[in-house]
Amino acid sequence: MDANATTPLLPEVFDAMRPFWIEHFGNASSIHRQGQHARAAVDHARESVASLLHCRPSEIVFTSGGTESDNLALFGVLQPFIASGEPAHLITASTEHHAVLHAAEALRDRGVEVTFLGCTPQGLIEPEMLRAALRPHTRLVSIMLANNETGVIQPVAELAAIAYEHGALFHTDAVQAAGKLPLDLSRSGELKNVDLLSISGHKMHAPQGTGVLFCRRSVRLAPMFFGGSHERQRRPGTENVPGIVALGRAAELAQSWLLADPAKEVSTPAIVPLLHAMGGSAGAPSVAPLSHAMGGSADASQLAALRDRLEAGILNVVEEAGVNGASLPRVSNTTNIYFDHLEAEALVIALDLKGLSVSGGSACQSGATEPSHVLTAMGLSPARSRASVRFSLSRLTTAEDVDRALEIVPAAVARLRTLSPAWRNTAEVLASG
Ligand code: PLP
């Protein structure tokens, strides 16, 4: 249950990419038959991704992953201002992924003014905070769509509209949203004011090292690398044809999965209300019936039901535990639970020994003992941050997987807590009260 770290390839995705390693190995820039075959496959994949995002194929830039897409968005917009010496201001948030945070810091070192917005205790970036932070020379706002640690969804449509009114561009890191939420970048769509959007292949059942930056036609993007004229001069380098083909196939499968969701038949004016309809949980979770979800989730509402079942099953039996970001809409696969009086790291290891993979903080930080920057920004104490564990399901997670986790997790928590003097005191108080 660590799908926010990475997901396995779907068999259909592997089958689609396999011939492009050996049989159809052409360079998509070659004019001979092998090259034309590769080019056609890349074009097809571009159309598939564009269809998932409701944008033009020419607005898709293939990259090496979410990190590159985020960096290309930020540097691609701001580098020309650095070069010309014009003042530039970037607004982002302290709850962003390091791919954005560290890129923003690197831009600050090069003379860009950067504002890192704080958030509410639930992890929300309030539109008023953004409004107050705007300056005449704000060129770019970058706020993620769904948080990788908590799953909390930001009101991106509203935030992007504020940036648009001000004349600033808007980028969103949609790495943890793509394939889980409908994303509509068309001129009449909910994300119509989003100018740049990042996707990573390996979070949606395509290979690691593949990604996309959506770049709206009107945006002038400077390349980060220099070489050939691939990707319309926005990202030079011989295309990773097998990876791109796989990403295109994964996008097609994600789209079918999203369309299978009955809640999607309802008109979808905004992501946040939609998520509530899909079961993005708010308040106390409820236990959903299992019968429809015995072989992975057929749609997003089934995935949310499994996540909610896991959450409720844990919270019903484990004391002094709760969900971080519970009262906001969240992506249907993620829950971040604190278990006071234990160290998440110890729980992650104990669960791993039982065959259950979860994550404390984000995967990129594992090994580090620093509390999560996201939970810290939400105002959690260092102890509670270090006691928080992320469970992230995928479309392949089954009801049996959830049942197994419900057998393992409460027992592991109870055992680790017996080793904690702080827990023994708390347990005595709970028992006497
Ligand atoms: N953005 C978010 C929200 C992520 O969760 C991740 C990866 O965990 C990334 C960016 C980086 O993506 P990649 O691993 O493809 O570089």
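For the structure, check the block above.
The structure contained in this document is the topic of the report that follows.

Conventions and cut-offs
- Residues numbered from 1 in each chain as written.
- Predicted model: local features only at pLDDT ≥ 70, side-chain atom pairs only at ≥ 80, totals over all residues.
- Heavy atoms only, no water.
- Core = buried A, V, L, I, M, F, W, Y, C linked by side-chain atoms within 4.5 Å.
- Buried < 20%, exposed > 50% of the residue type's maximum accessible area, 1.4 Å probe, protein only.
- Helix = DSSP H or I, 4+ residues; strand = E, 2+ residues; numbered from the N terminus.
- Contact = heavy atoms within 4.5 Å.
- 1 Å grid on protein atoms, 1.4 Å probe; cavity = no way out; pocket = protein on both sides within 12 Å on 5 of 7 lines; lining within 4 Å.
- Points joined across faces, edges and corners; volume = space filled by probe spheres on them.
- Nonpolar A, V, L, I, M, F, W, Y, C, P; charged D, E, K, R; others polar.
- Salt bridge = Lys/Arg side-chain N within 4 Å of Asp/Glu carboxyl O.

Re the nonpolar core
No. 1: Core analysis: the largest hydrophobic core is formed by 96 residues, its most contacted members being Leu53 and Phe339.
No. 2: Considering every element that reaches this core, the biggest residue donor is helix α8 (residues 241-259), with 11 residues.
No. 3: Beyond its immediate sequence surroundings of up to four residues, Phe339 is in contact with Ile314, Val318, Glu320, Ala321, Leu347, Ala387, Val389, Phe391, Val409, Val413 and Arg417.
No. 4: Of all hydrophobic cores here, the second largest spans 22 residues; its members include Leu72, Phe81, Ala103 and Leu107.

A closer look at empty space enclosed by the protein
Over the atoms rolls a probe the size of a water molecule, and in doing so it shows where empty space is left.
No. 1: In the structure shown here, the tally under the stated rule is 4 cavities of 30 Å³ or more.
No. 2: Within this model, the largest cavity holds a volume of roughly 100 Å³.
No. 3: As for the largest cavity, its lining consists of 14 residues, of which Lys180, Lys203, His205, Ser394 and Arg395 are closest to the centre.
No. 4: Partitioning the lining of the largest cavity into residue classes produces 6 nonpolar, 5 polar and 3 charged.
No. 5: Empty space within the second largest cavity amounts to approximately 50 Å³.
No. 6: In terms of lining residues, the second largest cavity is bounded by Thr95, Gln122, Gly123, Met144, Asn147, Thr150, Val152, Gln154, Val374 and Met378.

Considerations on the pattern of salt bridges
No. 1: One pass over the full model with this rule turns up 15 salt bridges.
No. 2: We note a salt bridge from Asp403 to Arg309, for which the minimum N-O separation is 3.8 Å. On the criterion of sequence distance, the pair formed by Asp403 in helix α14 (residues 399-418) and Arg309 in helix α10 (residues 300-317) is long-range, its members being 94 residues apart.
No. 3: The partly exposed category is assigned to Asp403, whose relative accessible area is 30%.
No. 4: Its relative accessible area of 18% is what places Arg309 among the buried residues.
No. 5: The closest approach of N and O atoms between Arg404 and Glu407, which form a salt bridge, is 3.5 Å. Of this pair, Arg404 and Glu407 both sit in helix α14, separated by 3 residues, roughly a single helical turn.
No. 6: Relative accessible area serves as the criterion here: at 41%, Arg404 is assigned to the partly exposed category.
No. 7: Members of the salt-bridge network, linked through shared partners, are Glu128, Arg131 and Glu165.

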